[in-house]
Amino acid sequence: MSPIAQALALVAAVLGTGTATVSVMNSDIPDLRVPEADWQPGHALDGMDFAITATIDQNGAEETDILRFADGRFQSVDCERYCEFGWTGYQTWTEGEVVHFTATTRCATAPHTVVWHGQVVDGQIAMDMSWTTRRWYWTQQITGSGTGTLTEAPVTAAAG
Amino acid sequence: MRETPVGAGPTLGGIALRVLLLITVAVAGTWAAHWVRDALDMTIMPSVEMQVHRGIMFGMLAYIVLLAIPFVPGAEIGIALLTAFGASIAPLVYAATVVSMMLAYAVGRLLPAGTLVRLLSVLRMRRAAALVSRAAALAPDDRLALFLEGAPPRTVGLALRHRYVALAVIVNVPGNSVIGGGGGIMMLAGLSGIFSPVQTVLAVAIAVSPVPLAILLLGA
């Protein structure tokens, strides 16, 4: 093996070991914990769109978004803009007039996972969320909570 | 009052004071970094996460390459990343530092000295080329002694017998930029031919661990 090839092999071995070490040292941050309940694939919120305002716990920033429910699937318009989350099945359970919902969405092109959990009653929504990015060298997470009301479907809505 | 003889080494009290000062500076520096990070609000929002990721990957690549080159300042990139992102980026910076050191070692060990001198000259790195040229003309043990220029002869013998410990110490000594910094030291270590790859990786992995470890522990 030529000296240059040996040098490249040594560096590749160290690079591979270093990458593996960093990945092992990278501690995970768990997603938003959704309470145990009789969750079932949902249709109770189909056809509803909610305009929400959420506050990010880490820096107090306010974010607006539209949460859409259609044909048993869920989508966040803002998340779709940041990454290709698409539509994801959502689950519900009903407690009197309160409809509890949850959805776990994953981006198809990047390692982002967003977990949603909330309640809808009388056209009002309250929710919590966590956005977790899991890369091989670190895990980053932001969490937030917010409220909102029923709204008209956005004009530039992503295709269902 | 008894005067300290001229040329005598530091007293125990003096060493203790310097260690205390070093710890104080390290703690104050970490606190200042936290304050800067909070002031800049480094919360990584979804809208900028991809750009941050690309910036980190590019920064790490530049860090590895620059740190491996003698007399080229590269440590500042790692320090900037540690300041901006804190403990969460420490494992990556640590691994990149080890990779960079081993890259310099591999280049020194496996490329012919003449080729290395020509390569550094073409890249206009005259100081690095001169260092390698000077080392190439020496016997292997004498190349190691380049690390310890100006040190007592007994130190050189001790360093040869415990060369991996000596390597780990020299990599961390302030002012080692006069012999090319970490990249220069590792390139010379490879060039000397008396450092085996596996033991060198272990020595380097231990040598460069204090700062990332401190940040991980203080940032936790």
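Residues numbered from 1 in each chain as written. Chains lettered and ligands numbered in written order. Predicted model: local features only at pLDDT ≥ 70, side-chain atom pairs only at ≥ 80, totals over all residues. Heavy atoms only, no water.

## Topic: the interface of chain A and chain B
For interface size, the figure often reported is the accessible area lost on association. Keep this limit in mind: Residue contacts are counted whenever heavy atoms from the two residues lie within 4.5 Å of one another. The quantity reported as buried area is the accessible area (1.4 Å probe) lost by two parts once they are put together, taken as the sum for both. Here, a salt bridge means any side-chain nitrogen of Lys or Arg that lies within 4 Å of a carboxyl oxygen of Asp or Glu. Numbered from the N terminus, helices here are DSSP runs of H or I no shorter than four residues, and strands are runs of E no shorter than two. Note that Gly is not counted as nonpolar here; it falls among the polar residues with everything else outside the nonpolar set of Ala, Val, Leu, Ile, Met, Phe, Trp, Tyr, Cys and Pro and the charged set of Asp, Glu, Lys and Arg.
Taken together, the contact between chain A and chain B spans 26 residues of the former and 29 residues of the latter. Interface area, chain A with chain B, both sides summed: about 2400 Å², of which 79% is carbon and sulfur. Residue arginine 135 of chain A pairs with glutamate 49 of chain B through a salt bridge whose shortest N-O separation is 2.8 Å. Of all the secondary-structure elements, those providing two or more residues to the side of chain A that touches chain B are α1 (3-25), β9 (124-134) and β10 (139-150) of chain A. Here the side of chain A that touches chain B is built from residues that sort into 17 nonpolar, seven polar and two charged.

## Description of helix α6 (residues 126-136) of chain B
All names here are of chain B. Put simply, the test is: Working definition: with a 1.4 Å probe on protein chains only, accessible area under 20% of the residue-type maximum means buried, over 50% means exposed, and in between means partly exposed. By definition, the arc is the one covered by directions from the helix axis to the C-beta atoms.
Along α6, the residues that are buried comprise Ala128, Ala129, Leu131, Val132 and Ala135. Along α6, the residues classed as buried sweep out an arc of 160 degrees about the axis, all on the same side. Turned more than 90 degrees away from the buried face of α6, the exposed residues are Arg126 and Arg127.

## Description of the packing of α6 of chain B against helix α10 (residues 181-192) of chain B
Residue and element names in this part refer to chain B. Filter applied, for reference: In this analysis, axes come from line fits to C-alpha atoms, helices being fitted only over the stretch in contact, and the angle between any two N-to-C directions falls in the range 0 to 180 degrees. For this classification, under 35 degrees means roughly parallel, over 145 means roughly antiparallel, 65 to 115 means roughly perpendicular, and everything else is oblique. The hand of a helix crossing depends on one turn: near helix anticlockwise from the far one by less than a right angle means left-handed, and clockwise means right-handed.
Where α6 contacts α10, the two axes come as close as 10 Å, and the packing angle between them is 25 degrees. One finds that α6 runs roughly parallel with respect to α10. α6 and α10 meet at a crossing whose hand is right-handed. Of the residues in α10, those in contact with Leu131, Val132, Ala135 and Ala136 of α6 are Met187, Leu188 and Leu191. Per-class residue counts for the contact of α6 with α10 are seven nonpolar, no polar and no charged.

## As for the side chain of aspartate 78 of chain A
All names here are of chain A. Residue placement: aspartate 78 occurs in helix α2 (residues 77-82). Since its relative accessible area comes to 10%, aspartate 78 is described here as buried. Contacts of aspartate 78, omitting those with residues within four sequence positions, involve Glu63, Thr64 and Asp65.

## Digging into the confidence of the model for chain A
Residues and elements named next belong to chain A. As a reminder of what qualifies: Note on scores: pLDDT gives the predictor's confidence for each residue, bounded by 0 and 100.
Here chain A shows a mean pLDDT of 89. Residues at 70 or above account for 92%. Least confident of the elements in chain A is α1, whose mean pLDDT is 76; most confident is strand β8 (residues 112-121), at 97. Scored below 50 in pLDDT, residues 155-160 shows eight contacts in the model against residues more than four places distant or in partner chains.

## Some words on the side chain of threonine 143 of chain A
Residues and elements named next belong to chain A. Defined as follows: Within 3.5 Å is the distance limit for a polar contact, defined as a pair of N or O atoms, with the added protein rule that one can donate a hydrogen and the other accept it, and that residues adjacent in sequence qualify only through two side-chain atoms.
Within the secondary structure layout, threonine 143 lies in strand β10. Threonine 143 gets classed as buried once you look at its relative accessible area, which sits at 18%. Within polar-contact distance, the side chain of threonine 143 engages the side chain of aspartate 57 at 2.6 Å. Beyond its immediate chain neighbours, meaning those up to four positions away, threonine 143 contacts Thr55, Ile56, Asp57, Gln58, Met129 and Ser130.

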